[in-house]
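Given next are the chains, with one letter for each unit.
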Amino acid sequence: MTRSPYTPAEEIPKALAPTGVLGLTSAQLQAKLDEIHPIGSIDRTETEWFRTAVFYEVLVRSFKDSNGDGIDDFKGLTEKLDYLQWLGVDCLWLPPFYDSPLHDGGYDIRDYRWIREELGTIEDFKVFLDAAHDRGLRVIIDFVMNHTSGSHPWFQSSRADPDDPYSNYYVWSDTDDAYSDARIIFCDTEDSNWSWDSERKQFYWHRFFHHQPDLNFEEPRVMEEMLGAVRFWMNLGIDGFRLDAVPYLIEAEGTNCENLPKTHQILKQLRAMVDEEYPGRILLCEANQWPDGVVEYFGDGDECQMAFHFPVMPRLYMGLRRGSRECISKILADTPQIPEGCQWATFLRNHDELALEMVFKEDRQYMWEGYAPEPRWRCNLGIRRRLSPLVDNDDAKARLLNAMLLSLPGSPVLYYGDEIGMGDDLWLSDRDGVRTPMQWDDSETAGFSTALPEDFHLPLIHTFGHDPEHVNVARQMDDPSSLLVWTRAMLGIRRRHPVFGTSEFIDLDGADTAVMSFLRHNEHETILCLANLSDTERTVVLHLPQFAGATGSSLIHGQDVQPVEADGTLIVPLWPYGYRWLQMSVEEKS
Ligand SMILES: OC[C@H]1O[C@H](O[C@H]2O[C@H](CO)[C@@H](O)[C@H](O)[C@H]2O)[C@H](O)[C@@H](O)[C@@H]1O
Ligand SMILES: [Ca+2]
C-alpha cells in the first residue's frame, strides 16, 4: 500500500468527515487487510487477560533493523517475536510509530492513521500484529490525544485561517495569561504553556514542548477525530491503547488544568465506544498523579481498565537506597481500592526519565543525590538513566527490584533491554540515552542492523561493562546464571501463579523495616513474598498463626522448604538484597 506525500494543509477537505488513507474508510481498509492476513489466535472472549499479563515496552525504532538503514522497523520487530515469546511476556506496548517529525520521540503525531515510512507500511504492521497474535502475544499501542505535532495539517490549517473548520481544533488566546495555575511539565526547555503564533497572531496552549499544541476537546469534532483514529487501529486488530498524558485534556480557569471532570467524561465516552464495538480491548491510562488522583481514571470501572502507578515506582528505588521498606509500604497503604476488574500497571523504567513528580521535595533531592549526583543525569524533575546503571550494575539489586515488581500488586511492564541489564548514554540529548539500539550479540553492530554503527539512528552503548561485548542477548541466553535467564524463569513462575495478578495484597509490616514481607492470597493459594532491601543478611521472624504447622515451599529456589512452627512462628534467613516467594502449603484456618 502506498500513500501520496503528506496532504498539504490547503488540500485538507473542508468537510470534516473522518479522514482515511487512500480514500478508504477504516472498514474498507480492514476488509482489504483481512483478505491478506486473517485475525490471529487471540481469544477475544477473555476480557480480563490484562490482570495476569506481563507487559513489555518495545521501541519499534530501536529493536531490530531488517533493511540495513540503521533504524528498526516492523519487519525487524516481527523477526524478534520468537525471542519475546521465549522470554515469556504476554503483551507488547509500542510507543508511537505514527507519522511524525520526531521532535519528541514520536509523541508529536502528524497523522493518526499512518506509520512513519522508515518503520514500514500498514501491511507490515498488520503482518507483525498477526504474527504476534499467532504466538499468543497481545499488542497495545500508544495514543496521544492531548496534543499533535505542530506540523499536523490540522494545526497548520488552524493557524492559517481563524474561519477555517480546523480553527477551533486547538486552544487559542489573545493573551498568554490564562490558566496560570497550570504547572510547566517540561521545565528544562519550556518557560510557559503558551507560545505565540506569528501567523494567526494569537497564543496557543501546550502542556509539553512548544511544538506540541494541545487539542481543544471543547470542540466536539476533535473527539470525533479521536474516535475515528481509535477505530482505525482497533479494526486492524490491536488489543488496546496506552493513553498518553490524559490528565491534561481539558483546561479551566482557576484550576491546575489536570484531572478535570470533563476529562473524565471524555474517557468514559471513549471506553463506552470501545466496550460496545471492541470488547476485550483495553485502555491503559498514563496519568502521572498521586494515587487518589489516578484511581479516578478507573471511574466506576467505566473509564480505563488499567493505569500506571507512578508513585510506587520511585519509592522502590528510594526504599532500596534507604535499606527500608517504609516508603513502599506507606504508598501502597495510601493507594485506594480500585474497581472490580481493573488493574494497576507497575514499572521500574520506561522510555522517559525516571519521573520524580510524585514524590515530596526532600525525597526528590534524596533521589537526585543518590541516583543522579551529576546534573547531566537529570531531566526535568526526573533522572534519565536505565535500571542497570541506576543500581551500579549490581545484579543482586536489579534482581531484587524485579522480584518486587513481579510480586507486588499490578501487572508489571518491563522496558526493552532491562532484561539483559543494558546501559545508557548520557551524552545523548533529552531522553535518547535510554532509547539506544537493542544489544543482540557481541558483534560490531550488536546484531541490531547490517548498517555501519555510525549510521544507526542512535549510537550503541559503548560504556565499558555495558557495551555489546559484555551485555547482549546471545551471551546471556547461553548462561544459566544470567539476568536474562533469571528474568525468563521469574516470568514463568508468575505465569503459573495467576494469584500475583488477581489476589489480595496483605502487607505484614514486621519489626525489621529492612525487609518487606507480604502475602498474595486468593481462594486457591497463598504466596508469602519477602524482600530484603538492605546490604546485610537478615533473619525474618514472622508470626503467621493461620499457617501453624504448614510449610512454605520456595517457588524460586528449588528444594527450599521453610516450616512454620506449631505456634505460627516462621523464621526465614535472607541474604543481602535477597528475596523469596514461598507457597504456603495448607489452607488458611478461619
Ligand atoms: O507527549 C508528551 C510526553 O507524554 C508522555 O509524558 C509523560 O512523561 C513525562 C516525562 O517525560 C511526564 O513528566 C509526564 O507527566 C507524562 O505525561 C510521554 O511518555 C513522553 O515520552 C512524552 O514526551
Ligand atoms: Ca490539554
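Residues numbered from 1 in each chain as written. Chains lettered and ligands numbered in written order. Predicted model: local features only at pLDDT ≥ 70, side-chain atom pairs only at ≥ 80, totals over all residues. Heavy atoms only, no water.

As annotated in an unreviewed UniProt entry, the chain carries the name maltose alpha-D-glucosyltransferase and is attributed to Cutibacterium modestum.

A word on the overall build of the chain
Each helix and strand counted, the chain has 16 helices and 23 strands in total. A compact globule built from 590 residues would reach a C-alpha radius of gyration of about 25 Å, and the chain, at 24 Å, matches this within 12%. For the chain, the proportion of its 590 residues judged to be buried stands at 63%. Carbon together with sulfur atoms contributes 50% to the accessible area of the chain, which is approximately 22,200 Å² in total. (Helix = DSSP H or I, 4+ residues; strand = E, 2+ residues; numbered from the N terminus. Rg over C-alpha atoms; globule rule 2.2 N^0.38 Å. Buried < 20%, exposed > 50% of the residue type's maximum accessible area, 1.4 Å probe, protein only. Areas by Shrake-Rupley, 256 points an atom, 1.4 Å probe, with all protein chains shown as cover.)

Comments concerning the pairing of strand E2 (residues 91–94)
The side-chain alternation of E2 yields two buried faces, one formed by Cys91 and Trp93 and the other by Leu92 and Leu94. As defined by bridge partners, strand E1 (residues 55–57) adjoins E2 across 3 bridges and the pair is classed as parallel. Among the inter-strand pairings, Tyr56 is bridged to a residue of E2, identified as Leu92. As judged from the 4 bridges shared by E2 and strand E5 (residues 138–144), these two strands associate in the parallel manner. (Pairing = 2+ DSSP bridges.)

Structural notes on the packing of helix H9 (residues 312–322) against helix H13 (residues 395–407)
Between H9 and H13, whose axes approach to 11 Å, the crossing angle comes to 135°. Comparing their axes, H13 and H9 come out oblique. The way H9 lies across H13 gives a crossing that is right-handed. When H9 is examined against H13, the residues Leu316, Tyr317 and Leu320 are found in contact with a partner set consisting of Lys397, Leu400, Leu401 and Met404. When the residues that make up the contact of H9 with H13 are grouped by side-chain class, the tally is 6 nonpolar, no polar and 1 charged. (Axes fitted to C-alpha atoms, helices over the stretch in contact; angles between N-to-C directions. Parallel < 35°, antiparallel > 145°, perpendicular 65-115°, else oblique. Left-handed = near helix turned anticlockwise from the far one by under 90°. Contact = heavy atoms within 4.5 Å. Nonpolar A, V, L, I, M, F, W, Y, C, P; charged D, E, K, R; others polar.)

Re the pattern of salt bridges
Inspection of the entire model under this criterion finds 36 salt bridges. With a closest N to O distance of 2.8 Å, Glu357 and Arg183 form a salt bridge. Taken together, the residues span a long stretch of sequence, with Glu357 in the loop between strand E12 (343–347) and helix H11 (361–371) and Arg183 in the loop between strand E6 (172–173) and strand E7 (194–197) at a distance of 174 residues. On the basis of relative accessible area, Arg183 is assigned to the partly exposed category, the value being 27%. Between Asp363 and Arg322 there is a salt bridge, and its shortest N-O distance comes to 3.1 Å. Placement of the pair is Asp363 in helix H11 and Arg322 in helix H9, with a sequence separation of 41 residues. Since its relative accessible area comes to 38%, Arg322 is described here as partly exposed. (Salt bridge = Lys/Arg side-chain N within 4 Å of Asp/Glu carboxyl O.)

What about the site of ligand 1?
Surrounding ligand 1, one finds 17 residues, the nearest of these being Asp104, Glu286, Asp352, Glu353 and Glu357. For ligand 1, an oxygen atom lies 3.0 Å from a polar atom in the side chain of Glu286. With respect to ligand 1, the side chain of Arg431 contributes an N or O atom lying 2.9 Å from an oxygen atom. Contact with the protein chains removes 99% of the 480 Å² of surface that ligand 1 exposes when unbound. When the residues that make up the shell around ligand 1 are grouped by side-chain class, the tally is 6 nonpolar, 3 polar and 8 charged. (Near = heavy atom within 4 Å. Polar contact = N/O pair within 3.5 Å; in protein donor to acceptor, adjacent residues only side chain to side chain.)

Focus: the side chain of Asn532
Mapped onto the elements of the fold, Asn532 is located in strand E18 (residues 526–532). The exposure class of Asn532 is buried, given its relative accessible area of 0%. Polar contacts involving the side chain of Asn532 include one to the main-chain carbonyl oxygen of Trp575, which spans 3.0 Å. Setting aside chain neighbours within four positions, we find Asn532 in contact with Leu400, Ala514, Val515, Glu537, Arg538, Leu574, Trp575, Pro576, Tyr577 and Gly578.

Things to note about the UniProt feature "domain: Glycosyl hydrolase family 13 catalytic" (unreviewed entry) in the chain
The positions UniProt marks with the feature "domain: Glycosyl hydrolase family 13 catalytic" (unreviewed entry) are residues 57–457. Here residues 57–457 runs as 30% helix and 14% strand, with 19 Å between its end C-alpha atoms. (UniProt positions renumbered as here; feature names shortened; annotations may be inferred.)

Considerations on the coordination of the calcium ion (ligand 2)
Ideal geometry at a metal centre gives angles of 109.5 degrees when four donors are arranged tetrahedrally and 90 or 180 degrees when six donors are arranged octahedrally. Only Asn146 (OD1), Asp214 (OD), Tyr248 (O) and Glu251 (OE) from the protein reach the calcium ion (ligand 2) as donors, at distances of 2.0 to 2.6 Å. Donor residues binding the calcium ion (ligand 2) come from one chain and are separated in sequence as N-x67-D-x33-Y-x2-E. Taken together, the positions of Asn146 in the loop between E5 and helix H5 (153–160) and Tyr248 in the loop between strand E9 (240–244) and helix H7 (261–277) put the pair 102 residues apart, joining distant regions of the chain. Here Asn146 falls in the buried class, since its relative accessible area comes to 0%. (Donors = N, O, S within 2.8 Å, 3.2 Å for Na, K, Ca; no water.)

Quick look at the packing of aromatic side chains
Counted according to the given criterion, the structure contains 47 aromatic pairs. A centroid spacing of 5.5 Å and a plane angle of 45° characterise the contact between Phe74 and Phe128, whose relative ring orientation is tilted. In this pair, Phe74 is assigned in helix H2 (residues 74–79) and Phe128 in helix H4 (residues 122–134), connecting sequence segments 54 residues apart. The ring of Trp377 carries Arg385 above its face, with NZ or CZ at 4.3 Å from the centroid. (Phe/Tyr/Trp six-rings, centres within 6.5 Å; stacked < 30°, edge-to-face > 60°. Lys NZ or Arg CZ within 6 Å of the ring centre and 35° of its normal.)

Quick word on the nonpolar core
Tyr56, Leu94, Phe125, Trp233 and Phe241 are the most contacted members of the largest nonpolar core, which totals 157 residues. Of all the elements, helix H6 (residues 220–236) adds the most residues to this core, at 10 residues. Membership of the second largest hydrophobic core comes to 15 residues, among which are Leu519, Leu530, Val540 and Leu542. (Core = buried A, V, L, I, M, F, W, Y, C linked by side-chain atoms within 4.5 Å.)

Here's the deal with unusual backbone geometry
Here Ala446, not a glycine, exhibits a phi torsion of approximately 60°, which is positive. Note that Ala446 resides in the loop between strand E15 (411–415) and helix H14 (473–477).

Quick word on the pairing of E12
For E12, the tally of buried residues reaches 5 of 5 residues, placing the bulk of the element in the interior. Side chains Gln343, Ala345 and Phe347 project from E12 onto one buried face, and the interleaved Trp344 and Thr346 project onto a second face that is buried too. In terms of strand pairing, strand E11 (residues 306–308) meets E12 through 3 bridges, oriented parallel. Within E12, the residue paired with Ala307 across the bridge is Trp344. Summarising the sheet, E12 and E15 pair through 3 bridges and their orientation is parallel.

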